[in-house]
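Analysis of the macromolecular model
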2 protein chains.
Amino acid sequence: MDDRTFLDDAIRRVPDFPKPGILFYDITSVLSRPDVFRFCIDKMHQLYDGEAIDAVVAIEARGFLFAAPFAAENRLPLLPIRKAGKLPGPTVGRSFELEYGRDTIEIHAGDVRRGWNVLLVDDLLATGGTARAAVDLIDEAGGSVRAVFAVIGLPFLGYREALKGADVRTLIEYESESVVR
Amino acid sequence: MDDRTFLDDAIRRVPDFPKPGILFYDITSVLSRPDVFRFCIDKMHQLYDGEAIDAVVAIEARGFLFAAPFAAENRLPLLPIRKAGKLPGPTVGRSFELEYGRDTIEIHAGDVRRGWNVLLVDDLLATGGTARAAVDLIDEAGGSVRAVFAVIGLPFLGYREALKGADVRTLIEYESESVVR
């Protein structure tokens, strides 16, 4: 079995979640299979082996699940980006448009050292709105996003355009016309 | 430096967060120090070495940060417990009292196999309300909580009573009279 089939087999599709017409790619079915979860973390190690990465930034909440093992195994600082109001220290924040309304994410301002090259990690890239805001936030905090990683990419929703100029890598991509938005 | 001092030095105290009178023990200052984060994960390995654990259950969101490396390094299934409405598949849920209002947590019902011994992981135990609900939820889903782990314990807030009968272990405990509730 090739890598793509191995991973694809473990990703559950949930129709009409979180709302009618959306096909949701669920990574909890990856987490519950240790061989597949381990495969994802090992692939991350391969992708960024030898790259000059000073810290890993993890996007709440599912990004934590892949960023944390990668950071712990590479002995790299792990910096969480969370929804507004969740981080207790002094933060910098960034608001961005959602399909309906706006969202704000924050990082501890003191966590990012000036000049640090950062790996940004989430589970899935769709519109790229959250990741774009995270990239800008890390810039504002004095760091620089060297690379963006996600397990799953849905390029038909636009993340490549949103993250233009960034080095973005995913483990699997879906091109779906079956998703009605 | 002894283990307690090493860990204690890395835990930032934030007064009056999330509200006046609460002293918040912040683990993001542990995550940003790779030596201390690694120490926590290695301590988890030591604590549960040789124990018959079939799966790791992680409580959203900070619990993910410690549960994920432990699960990945031990090649154990990782099952997230999330706030209501976040998990896409069929779930079982449990509501519990907060200081103000109620909260509901859920787990994918199909993730927990009958008879599994589970390690439940969060970052901090205070009142134990969330952890208690999680223990009951895992029971309801057909599993059994063999042990509960958190990095930080605040026993003066009552978690030991809330989790009576469970094998609870933490890496550091604080007995604080300086917290006004």
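Remember, it's a predicted structure, so these values are computed and weren't measured experimentally.

1. What about the overall build of chain A?
Summing up its helical and strand segments, chain A has 6 helices and 9 strands in all. When the backbone C-alpha atoms are referred to their principal axes, chain A occupies close to 40 × 40 × 30 Å. The buried share among the 181 residues of chain A stands at 56%. Here the contacts in chain A between residues at least 6 apart in sequence split such that 59% fall between residues at least 24 apart. Carbon and sulfur atoms make up 47% of the accessible area of chain A, which totals about 7,600 Å². Looking at chain A, you have 22 positive and 28 negative side-chain charges, and the mean spots of the two groups are 3 Å apart.

2. Remarks on the sheet that holds strand β8 (residues 144-153) of chain B
Residue and element names in this part refer to chain B. The mixed open sheet is built from 7 strands, whose spatial order is β5-β6-β4-β3-β7-β8-β9. The sheet is open, and its two borders are formed by β5 (91-97) and β9 (168-173), each paired with just one other strand. Looking at each pair of strands side by side, their axes are set apart by 20° on average, direction ignored. Strand contacts of helix α5 (residues 129-140): β3 (55-59), β4 (78-83), β5, β6 (102-108), β7 (117-125) and β8, with the helix running at about 150° to β5, the strand carrying the most contacts.

3. Remarks on the layout of surface pockets
Here the second largest pocket is characterised by a volume of approximately 180 Å³. Every residue lining the second largest pocket is listed: Pro-77, Pro-90, His-108, Ala-109, Gly-110, Asp-111, Arg-113 and Trp-116 of chain A together with Arg-12, Ser-29, Ser-32 and Arg-33 of chain B. Among the residues forming the lining of the second largest pocket, the class breakdown is 4 nonpolar, 4 polar and 4 charged.

4. Things to note about the relation of the copies chain A and chain B
Least-squares fitting of chain A to chain B yields an RMSD of 0.0 Å, with the transformation described by 0.0 Å of translation along the axis and a rotation of 180°. Here the symmetry operator amounts to a two-fold rotation axis. Proximity to the rotation axis, assessed at the C-alpha, singles out Pro-69 of chain A in chain A; its C-alpha lies 2.0 Å from the axis. Comparing interface residues between copies, 100% of those in chain A also lie at the interface in chain B; the contact surface is shared.

5. Remarks on the sheet that holds strand β5 (residues 91-97) of chain A
Residue and element names in this part refer to chain A. Reading across the sheet, the 7 strands line up as β5-β6-β4-β3-β7-β8-β9 and stay open at both edges, with mixed pairing between neighbours. Whereas interior strands pair on both sides, the edge strands pair on one side only; in this sheet they are β5 and β9 (168-173). Strand after strand, the sheet turns through a mean of 20° between neighbouring axes, direction not considered.

6. Considerations on the interface of chain A and chain B
You'll often see interface size given as the accessible area lost when the parts meet. Taken together, the contact pairs 36 residues of chain A with 36 residues of chain B. Across the interface of chain A and chain B, roughly 3,000 Å² is buried in total on both sides, 68% from carbon and sulfur atoms. Taken together, chain A and chain B are joined by 0 salt bridges. For the side of chain A that touches chain B, the secondary-structure elements that each account for two or more residues are β1 (12-15), β2 (23-26), α2 (28-31), α3 (34-48), α4 (62-74) and β4 (78-83) of chain A. Grouping the amino acids of the side of chain A that touches chain B by side-chain chemistry returns 21 nonpolar, 5 polar and 10 charged.

7. Topic: the confidence of the model for chain A
Per-chain confidence: chain A averages 95 in pLDDT, with 97% of residues scoring 70 or above. Predicted complex, confidence summary: ipTM 0.96, pTM 0.96.

8. Topic: the nonpolar core
Core analysis: the biggest nonpolar cluster contains 79 residues, and Leu-7, Phe-66 and Leu-78 of chain A together with Phe-66 and Leu-78 of chain B have the highest contact counts within it. Not counting residues within four places of it along the chain, the set of residues in contact with Leu-78 of chain B comprises Leu-31, Ser-32, Phe-37 and Leu-65 of chain A together with Val-56, Ala-58, Ala-67, Ala-68 and Ala-71 of chain B.

9. Here's the deal with α4 of chain A
For α4 of chain A, which comprises 13 residues, the first-to-last C-alpha distance of 19 Å matches the rise-based estimate of 18 Å (1.5 Å per residue) to within 8%. Considered for burial, the residues of α4 of chain A that qualify are Gly-63, Phe-64, Leu-65, Phe-66, Ala-67, Ala-68, Pro-69, Phe-70, Ala-71 and Ala-72 of chain A.

10. Considerations on the pattern of salt bridges
Residue and element names in this part refer to chain A. This structure, assessed with the given rule, holds 30 salt bridges over all chains. Two residues, Arg-169 and Glu-51, come together in a salt bridge whose shortest N-O distance is 3.0 Å. Linking Arg-169 in strand β9 with Glu-51 in the loop between α3 and β3 (55-59), this pair joins segments that are 118 residues apart in sequence. Since its relative accessible area comes to 18%, Arg-169 is described here as buried. Two residues, Glu-173 and Arg-160, come together in a salt bridge whose shortest N-O distance is 2.4 Å. In this pair, Glu-173 sits in strand β9 while Arg-160 sits in helix α6 (residues 159-162), placing the two residues 13 residues apart along the sequence.

Procedures and definitions
- The residue count restarts for each chain, going from 1 along the sequence in the order it is written.
- Chains and ligands are labelled sequentially in the order written, the chains with letters from A and the ligands with numbers from 1.
- In keeping with the predicted nature of the model, local features appear solely for residues at pLDDT of at least 70, side-chain atom pairs appear and are counted solely at 80 or more, and the whole-chain, interface and lining totals rest on all residues.
- Side-chain figures throughout are based on the complete set of non-hydrogen atoms in the structure, without hydrogens or water.
- A run of DSSP states H or I qualifies as a helix once it reaches four residues; a run of E qualifies as a strand once it reaches two. Both are numbered from the N-terminal end.
- A 1.4 Å probe rolled over the protein chains alone gives each residue an accessible area, and that area as a share of the maximum for its type sets the label: buried under 20%, exposed over 50%, partly exposed in between.
- Any two residues having at least one pair of non-hydrogen atoms within 4.5 Å are treated as being in contact.
- Method for areas: the Shrake-Rupley scheme with a 1.4 Å probe, in which residue coverage is limited to the protein chains shown.
- Counted as positive: Lys and Arg. Counted as negative: Asp and Glu. His and the chain ends are not counted at all.
- Just so you know, the charge point we use is NZ for Lys, CZ for Arg, CG for Asp and CD for Glu.
- Here, any two strands with at least 2 DSSP bridges between them count as paired.
- Only the stretch in contact is used when a helix axis is fitted, and all axes are lines through C-alpha atoms; the angle between N-to-C directions ranges over 0 to 180 degrees.
- Here a cavity denotes a set of grid points, spaced 1 Å apart and computed over the protein atoms alone, in which a 1.4 Å probe fits but from which it cannot get out, and a pocket denotes an open set meeting protein on both sides within 12 Å along at least five of seven lines; residues with an atom within 4 Å of a point are reported as lining.
- Grid points are joined across faces, edges and corners, and a volume is the space filled by probe spheres set on the points.
- Residues are grouped as follows: nonpolar covers Ala, Val, Leu, Ile, Met, Phe, Trp, Tyr, Cys and Pro; charged covers Asp, Glu, Lys and Arg; every other residue, Gly included, is treated as polar.
- Alignment of copies: least-squares fit on C-alpha atoms of residues with pLDDT of at least 70 in both copies.
- Reported buried area values correspond to the accessible surface (1.4 Å probe) lost by two parts on association, with both partners' losses combined.
- A side-chain nitrogen of Lys or Arg and a carboxyl oxygen of Asp or Glu constitute a salt bridge if their distance falls within 4 Å.
- Here pLDDT means the predictor's own confidence in every residue, given as a number from 0 to 100.
- Residues enter a nonpolar core if they are buried and are Ala, Val, Leu, Ile, Met, Phe, Trp, Tyr or Cys, with the set joined through side-chain atoms within 4.5 Å.
- The span you would expect from a helix comes to 1.5 Å times its residue count less one.

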